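Geometric and topological summary
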Amino acid sequence: MKSLDEYAALAEQAHGHMCAGQILGLRMAMYGVKLLGIEDPAGHDRKRLVTFVEIDRCATDAIPIVTGCRLGKRALKFRDFGKVAATFCDLKQDRAVRVVARETAKRRAQELYPEMTNKNQQQMRAYREMPDEDLFSIQWVRVALGPEEFPGYKGERRVCAECGEGINFKREVVRDGRMLCKACAGEGYYTPLA
Ligand SMILES: [Zn+2]
Ligand SMILES: [Zn+2]
């Protein structure tokens, strides 16, 4: 693993600015990886890790900087729970740890640096220095997902009977005996315009 400062420079570049969320996300990922005992997550150990993130905010952008887990490699999963939390799964050891930012972290930052009036500066400073245990709570968890959710899965590609588009990774749905994509089965997030 790199140092927090080295990761912070990379995160700033990728995210477009430096913010408290970046520091929190980097610390969260470094802690998760440390708890799993993975030494070089983005390098030598890069195929070991899958990360689930639970919010689409600043902290989430920082996590792949440490873990090397990317959406396009199927190693970064988004579950929109609206929580500043992430679960780090070690595929080799078959174990996973969920790391959650503590509700008290912001208040603690205020206690540490009451003289800093800029909240972002105050939190950035405090989140660099606070011990892992003050920033996060953790729980060891089991992630119950089939092999089709993980990198390296080779499955049959289906074609939707309605729209004709190809479907990978067992995302097809059978309705009244027809094989459909999720959009045609009524689970779409968009409506085609006339
Ligand atoms: Zn940000
Ligand atoms: Zn379809």
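Parameters and conventions
Every chain's residues receive numbers from 1 upward, in the order its sequence appears when written. Just so you know, chain letters begin at A and ligand numbers begin at 1, following the order they were written in. Given that the model is predicted, a residue must reach a pLDDT of at least 70 before its local features are reported, and side-chain atom pairs must reach 80 or more before they are shown or counted; all residues, however, enter totals for whole chains, interfaces and linings. Helix numbers and strand numbers start at the N terminus; a helix is a DSSP run of H or I with at least 4 residues, a strand a run of E with at least 2. Burial in this document is a count-based property: other C-beta atoms within 10 Å of a residue's C-beta are tallied, and the residue is buried at 20 or more, exposed at 12 or fewer, or partly exposed in between, with C-beta positions derived from the backbone. Domains are outlined according to an automatic or database domain assignment. Helix axes are fitted to C-alpha atoms over the stretch in contact, other axes to C-alpha atoms as well, and angles between N-to-C directions run from 0 to 180 degrees. Oblique is the label for any angle not under 35 degrees, not over 145, and not in the 65 to 115 range, which are roughly parallel, roughly antiparallel and roughly perpendicular in turn. By convention, the crossing between two helices is left-handed when the near helix turns anticlockwise from the far helix through less than a right angle, and right-handed when the turn is clockwise. Throughout, a residue-residue contact means that the two C-beta atoms, derived from backbone geometry, are no farther apart than 7 Å. Gly is put with the polar residues, along with every residue not named as nonpolar or charged; the nonpolar set is Ala, Val, Leu, Ile, Met, Phe, Trp, Tyr, Cys and Pro, and the charged set is Asp, Glu, Lys and Arg. Note on terminology: a nonpolar core is any set of buried Ala, Val, Leu, Ile, Met, Phe, Trp, Tyr and Cys residues joined through C-beta atoms within 7 Å. Any two strands with at least two DSSP bridges between them are considered paired.

**Description of the overall build of the protein chain**
Across its full length, the protein chain holds seven helices and nine strands. For the C-alpha atoms alone, the extent of the protein chain along its principal axes is close to 65 × 45 × 30 Å. Looking at the protein chain as a whole, 34% of its 194 residues qualify as buried.

**A look at the environment of arginine 107**
Its place among the elements puts arginine 107 in helix H4 (residues 105–112). Taking the C-alpha atoms as reference points, arginine 107 and glutamate 129, separated by 22 residues in sequence, lie 14 Å from one another.

**Some words on the domain arrangement of the protein chain**
Many structure descriptions define interface size as the accessible area lost when the parts assemble. As far as domains go, the protein chain holds domain 1 (4–145) and domain 2 (155–187). On a C-alpha basis, the centres of domain 1 and domain 2 stand 35 Å from each other.

**What about the packing of helix H2 (residues 20–36) against helix H5 (residues 119–129)?**
Axis separation between H2 and H5 bottoms out at 8 Å; the angle between their running directions is 20°. By the criterion of interaxial angle, the relationship of H2 to H5 is roughly parallel. Considering only the axes of H2 and H5, their crossing is left-handed. Between H2 and H5, the residues in contact are Ala20, Ile23, Leu24 and Arg27 and Asn120, Gln123, Met124, Tyr127 and Arg128, respectively. Looking at the contact of H2 with H5 residue by residue, the classes come out as five nonpolar, two polar and two charged.

**Here we look at the nonpolar core**
Of all hydrophobic cores here, the largest spans 42 residues; its most connected members are Leu24, Leu26, Met28, Ala29, Val66, Ala86 and Tyr127. If you list the elements that add at least two residues to this core, you get helix H1 (4–15), H2, strand E1 (49–53), helix H3 (58–67), strand E3 (85–90), strand E4 (95–101) and H5. Per element, the largest residue contribution to this core is 10 residues, and it comes from H2. In terms of nonpolar packing, the next biggest core, distinct from the first, is built from five residues, Ile167, Leu180, Cys181 and Cys184 among them.

**Regarding the sheet that holds strand E5 (residues 136–141)**
Across the sheet, which stays open at both edges, the five strands sit in the order E2-E1-E3-E4-E5 with mixed pairing between neighbours. Bordering the open sheet on either side are strand E2 (76–78) and E5, each of which pairs with just one other strand. On average, adjacent strands in this sheet sit at an angle of 20° to one another, irrespective of strand direction. Relative to E3, E1 is paired through five bridges, and the arrangement is antiparallel. Bridge pairing in E3 links phenylalanine 52 to threonine 87. Helix-sheet contacts for H2 involve E3, E4 and E5, and the interaxial angle to E4 is about 150°. Helix-sheet contacts for H3 involve E1, E2 and E3, and the interaxial angle to E1 is about 170°.

**As for the environment of leucine 135**
Position of leucine 135 relative to the elements: it lies in helix H6 (residues 132–135). In sequence terms leucine 135 and phenylalanine 88 are 47 residues apart; their C-alpha atoms lie 17 Å from each other. Among residues more than four places away in sequence, those in contact with leucine 135 are Arg27, Ala101, Arg102, Ala105, Tyr127 and Met130.

**Some words on the pairing of E3**
Within E3, six of the six residues are buried, which leaves the element mostly enclosed by the surrounding structure. Taking every second residue as pointing to the same face, both faces of E3 are buried, with Ala85, Thr87 and Cys89 on one and Ala86, Phe88 and Asp90 on the other. Strand direction decides the pairing type here: E3 and E4, joined by six bridges, are antiparallel. Bridging across to E4, alanine 85 finds its partner in valine 100. Adjacent in sequence and paired antiparallel, E3 and E4 are bridged by four residues, among which aspartate 94 carries a positive phi angle near 55°.

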